[in-house]
Amino acid sequence: MKKIAVVLGTRPEAIKYGPVINALKKDPRFEVFIISTGQHKEMLDDALAVFDIKPDYNLKVMQPGQTLAQITSRITDGLAKLLPQLKPDALTVHGDTGTTLAAALSGFHHHIPVIHIEAGLRSGNVYSPFPEEGNRKLVAQIASLHLAPTPGNAANLIREGIPENRIVITGNTVVDALLWAIEQIPQGDNTLLEALHQDTRKIILASAHRREAWEKIPDIANAIKVIAERPDVRVVIPMHKNPIVRQAFQNTLADMNNVDLIEPLNYLDFCRLMNRADIILSDSSGAEEEGPTLGKPTLILRSLTERPEATHSGSAILVGNSGEQIIHHVCRILDNLSAFKGANVQTDHYGDGLATQRVIGAIANFFGLGPAVQPFYCGCEMRPNNYFVTNAA
Ligand SMILES: CC(=O)N[C@H]1[C@@H](OP(=O)(O)OP(=O)(O)OC[C@H]2O[C@@H](n3ccc(=O)[nH]c3=O)[C@H](O)[C@@H]2O)O[C@H](CO)[C@@H](O)[C@@H]1O
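Parameters and conventions
- Chains are numbered independently. Their residues run from 1 in the order of the written sequence.
- Reporting in this predicted model follows two pLDDT cut-offs: at least 70 for local features of residues, and 80 or more for side-chain atom pairs to be given and counted; totals over whole chains, interfaces and linings ignore these cut-offs and use all residues.
- With hydrogens and water stripped out, all remaining heavy atoms of the structure feed into the side-chain values.
- UniProt positions are given in the numbering used here, feature names are shortened, and annotations may be inferred rather than shown by experiment.
- Think of it in three bands: with a 1.4 Å probe and only protein chains considered, a residue is buried below 20% of the maximum accessible area for its type, exposed above 50%, and partly exposed in between.
- Every helix listed is a DSSP run of H or I at least four residues long, and every strand listed is a run of E at least two residues long, numbered separately from the N terminus.
- For two strands to count as paired, DSSP must find a minimum of two bridges between them.
- If the strands point away from the viewer and the path from the first strand over the helix to the second runs clockwise, then the crossover is right-handed.
- Helix axes are fitted to C-alpha atoms over the stretch in contact, other axes to C-alpha atoms as well, and angles between N-to-C directions run from 0 to 180 degrees.
- Handedness of a crossing follows from how the near helix is turned relative to the far one, being left-handed for an anticlockwise turn of less than a right angle and right-handed for a clockwise one.
- For this analysis, residues touch if any pair of their heavy atoms sits within 4.5 Å.
- Amino acids outside the nonpolar list (Ala, Val, Leu, Ile, Met, Phe, Trp, Tyr, Cys, Pro) and the charged list (Asp, Glu, Lys, Arg) are all regarded as polar, and Gly is one of them.

Looking at an unreviewed UniProt entry, one finds the chain named UDP-N-acetylglucosamine 2-epimerase (non-hydrolyzing), with Rahnella perminowiae as its source organism. You can read under Sequence similarities (unreviewed entry) in the UniProt record for the chain the words "Belongs to the UDP-N-acetylglucosamine 2-epimerase family."

Next comes the structure, spelled out in structure tokens:
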């Protein structure tokens, strides 16, 4: 039996790891230790609870106003105490957060093979997103096994000199989490969600929270205000816990009666909300993957992305964060919704719901405990819809 240390610290890591942790726990070939760094606090615990997961260890690094240097040093320090006791055969990290980089570095320091899930995403600009692009590039240099969600992600790694036999294309486990979540029967009442299902207006799910967008959030909020003046729309904004983000939305939108400024939702309710939405307008990486998977017109509030599959096929569009562009694109899609719904929009850019199985298979194969895995192939290049491109004004 191989001992696997799973390290995570943020809400999106919990969501994307959820199905993987539960599958690893059921697999008799592995013994799993879940180590939370606590980089996000409440949001992480809420997301883990959805998958019924409790960390075995918590490094509790979160402190108000902490710097990247402090996060990194507290995590490496905490793991330096824990890893020699646990003696794992491998350490898994996910994506590109501060937790990801610090945990990978700790694995390296202790000569423990690092398995990188969601490897190979690249925006091409090391400072954008910051620090995530740098984090994932650095982890690629340390990892022993690279689990790339898409063929494009694998190609990025090969271009950087990572040996092909260390890369497996798995699909993204967020698709597995999402497909599972929308099948779940809602627990408890969410009166807003019930109301939205009865509401005949067009529902826009909007959010923005990225570090690089903080100073633009007032512009984004002003653009949403203009859009919300249309009588045929209702805008729902689950606000991130960050006070800068909340203040900017509240200052501009608190008085609008067709804008709902709400607290973050648990993952199951958030998936129901995405499923009800007619348009998703967001700078969240999760939304970039989840929106196109649900076949929703997804407008990305960024000027570059490390997830270009949906924008290449035309199922999503990069609108940047200038108010004028946001208003233009949202109104264009609002006025063409029936055409979008009738179009054969590609939904399998990021996965087919079998990524977890491939991730577990690839880890087993890495240890010689199972056969090689058949890679995920999304056919992105083969089936462009170009909905947004052909309909661009
Ligand atoms: C700061 C940070 O950690 N950023 C990372 C985060 O970005 P990302 O911007 O996606 O992070 P978010 O904190 O928005 O989390 C997104 C996830 O949370 C869910 N959700 C969102 C709102 C809500 O009210 N309830 C809820 O459950 C979404 O369905 C999604 O799965 O994850 C990405 C991987 O996916 C990484 O590339 C980013 O570096």
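Engineer: Residues and numbers for the pairing of strand 5 (residues 114–117), please.
Structural biologist: Covered by surrounding structure in strand 5 are Val-114 and His-116 together with Ile-115 and Ile-117, the residues of both alternating faces. Where strand 4 (residues 90–94) lies against strand 5, four bridges are found, and the strand directions are parallel. When the bridges of strand 5 are listed, Val-93 appears paired with His-116. Taking the sense of rotation as the criterion, the β-α-β connection linking strand 4, helix 4 (residues 98–109) and strand 5 turns out right-handed. With three bridges joining them, strand 5 and strand 6 (residues 145–148) adopt parallel strand pairing. Among the inter-strand pairings, His-116 is bridged to a residue of strand 6, identified as His-146. For the handedness criterion, the β-α-β arrangement of strand 5, helix 5 (residues 132–142) and strand 6 is classed as right-handed.

Engineer: With reference to specific residues and values, describe the packing of helix 9 (residues 217–228) against helix 10 (residues 243–253).
Structural biologist: Viewed as axis vectors pointing N to C, helix 9 and helix 10 meet at an angle of 35 degrees, and their least axial separation amounts to 9 Å. For the pair helix 9 and helix 10, the crossing hand works out as right-handed. Along the contact surface, helix 9 presents Ile-217, Pro-218, Ala-221, Asn-222, Ile-224 and Lys-225, while helix 10 presents Val-245, Ala-248, Phe-249, Thr-252 and Leu-253. Along the lines of polarity and charge, the residues of the contact of helix 9 with helix 10 split into eight nonpolar, two polar and one charged.

Engineer: Any chance you could break down the sheet that holds strand 7 (residues 167–169) for me, citing the residues and the numbers?
Structural biologist: Strands sit in the order 3-2-1-4-5-6-7 across an open sheet of seven strands; the sheet is parallel. The sheet is open, and its two edges are formed by strand 3 (57–58) and strand 7, each paired on a single side. One ladder, built from seven bridges, connects strand 1 (residues 2–8) with strand 2 (residues 30–36); its direction is parallel. Bridged to Lys-2 within strand 2 is Phe-30. Relative to strand 2, helix 3 (residues 68–86) is tilted by about 165 degrees, and along the sheet it contacts strand 1, strand 2, strand 3 and strand 4.

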